[in-house]
Amino acid sequence: MELAAQIMVGVVALIHVYILVLEMFLWRTDRVRATFGTTPEFAAQSATLAANQGLYNGFLAAGLFYGLISGSLAFQLFFLGCVVIAGIYGAITSTRRILFVQVIPAAIALALVLLAR
């Protein structure tokens, strides 16, 4: 159970590194615009906001990686909880797809971490 929990925490962290890259560095590309359903004009206008959002996703990933490396249950629980809450908010305010990309993996990881302890 411990190994499954660590793998899922790592998966959630990697998802957020991927989101960081999309939002900070690839925001204006055709692929990312198609993913987020934005126009070239909107992508250009919102690039700074997207980069800021990407940075926050990077902080979530960093906290999860630290929790894994240090073995800190508190860090893992806190940052997984942040991912779940942020994902629920995103699903309500943006797109329900966030439930599948962020909330469900983080909730599974959270459950596994709790079951492994």
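Close contact between helix 1 (residues 2–24) and helix 3 (residues 40–70) brings their axes to 8 Å; oriented N to C, the two are set at 160°. Judged by the angle between their axes, helix 1 and helix 3 are roughly antiparallel. Relative to helix 3, the crossing made by helix 1 is left-handed. Residues Gln 6, Val 9, Gly 10, Val 12, Ala 13, Leu 14, His 16, Val 17, Ile 19, Leu 20, Glu 23 and Met 24 of helix 1 form the contact with helix 3, whose own contacting residues are Ala 50, Ala 51, Gln 53, Gly 54, Leu 55, Asn 57, Gly 58, Leu 60, Ala 61, Leu 64, Phe 65 and Leu 68. Looking at the contact of helix 1 with helix 3 residue by residue, the class counts come to 16 nonpolar, 7 polar and 1 charged.

Looking at the secondary structure, you find Gly 90 in helix 4 (residues 73–93). When the C-alpha positions of Gly 90 and Gln 45 are compared, they lie 20 Å apart, and in sequence the two are 45 residues distant. Setting aside its immediate chain neighbours within four residues, Gly 90 contacts Thr 95 and Ile 98.

Now for the confidence of the model for the protein chain. Mean pLDDT over the protein chain: 97, with 100% of residues reaching 70 or higher. Within the protein chain, helix 2 (residues 30–36) has the poorest average pLDDT of any element, 94, and helix 1 the best, 98.

Once their charged atoms are close, side chains differing in charge can pair, the charge on each being opposite to the other. Inspection of the entire model under this criterion finds 2 salt bridges. A salt bridge links Arg 117 to Glu 2; the nearest nitrogen and oxygen atoms lie 3.8 Å apart. With a gap of 115 residues between them, Arg 117 in the segment after helix 5 (97–116) and Glu 2 in helix 1 connect regions that are remote in the sequence. We classify Arg 117 as partly exposed; its relative accessible area is 48%. In this structure, Asp 30 engages Arg 33 in a salt bridge whose closest nitrogen and oxygen atoms are separated by 2.4 Å. Taken together, the residues span about one helical turn, with Asp 30 and Arg 33 both in helix 2 at a distance of 3 residues. Under the relative-accessibility criterion, Asp 30 is labelled exposed at 58%.

What follows concerns the packing of aromatic side chains. Each aromatic ring pair is specified by the distance between its two centres and by the angle formed by the two planes. One pass over the structure, following the stated rule, counts 5 aromatic pairs. Here the aromatic rings of Phe 78 and Phe 79 are separated by 5.0 Å at their centres, their planes lie at 90°, and the arrangement is edge-to-face.

A few words on the environment of Gly 58. Within the secondary structure layout, Gly 58 lies in helix 3. Overall, the relative accessible area of 13% leaves Gly 58 in the buried class. Residues Gly 58 and Phe 42 lie 16 residues apart in sequence; the distance between their C-alpha atoms is 23 Å. Among all residues touching Gly 58, those that are not within four sequence positions of it are His 16 and Leu 20.

Rules used throughout
- Residues numbered from 1 in each chain as written.
- Predicted model: local features only at pLDDT ≥ 70, side-chain atom pairs only at ≥ 80, totals over all residues.
- Heavy atoms only, no water.
- Axes fitted to C-alpha atoms, helices over the stretch in contact; angles between N-to-C directions.
- Helix = DSSP H or I, 4+ residues; strand = E, 2+ residues; numbered from the N terminus.
- Parallel < 35°, antiparallel > 145°, perpendicular 65-115°, else oblique.
- Left-handed = near helix turned anticlockwise from the far one by under 90°.
- Contact = heavy atoms within 4.5 Å.
- Nonpolar A, V, L, I, M, F, W, Y, C, P; charged D, E, K, R; others polar.
- pLDDT = per-residue confidence, 0-100.
- Salt bridge = Lys/Arg side-chain N within 4 Å of Asp/Glu carboxyl O.
- Buried < 20%, exposed > 50% of the residue type's maximum accessible area, 1.4 Å probe, protein only.
- Phe/Tyr/Trp six-rings, centres within 6.5 Å; stacked < 30°, edge-to-face > 60°.

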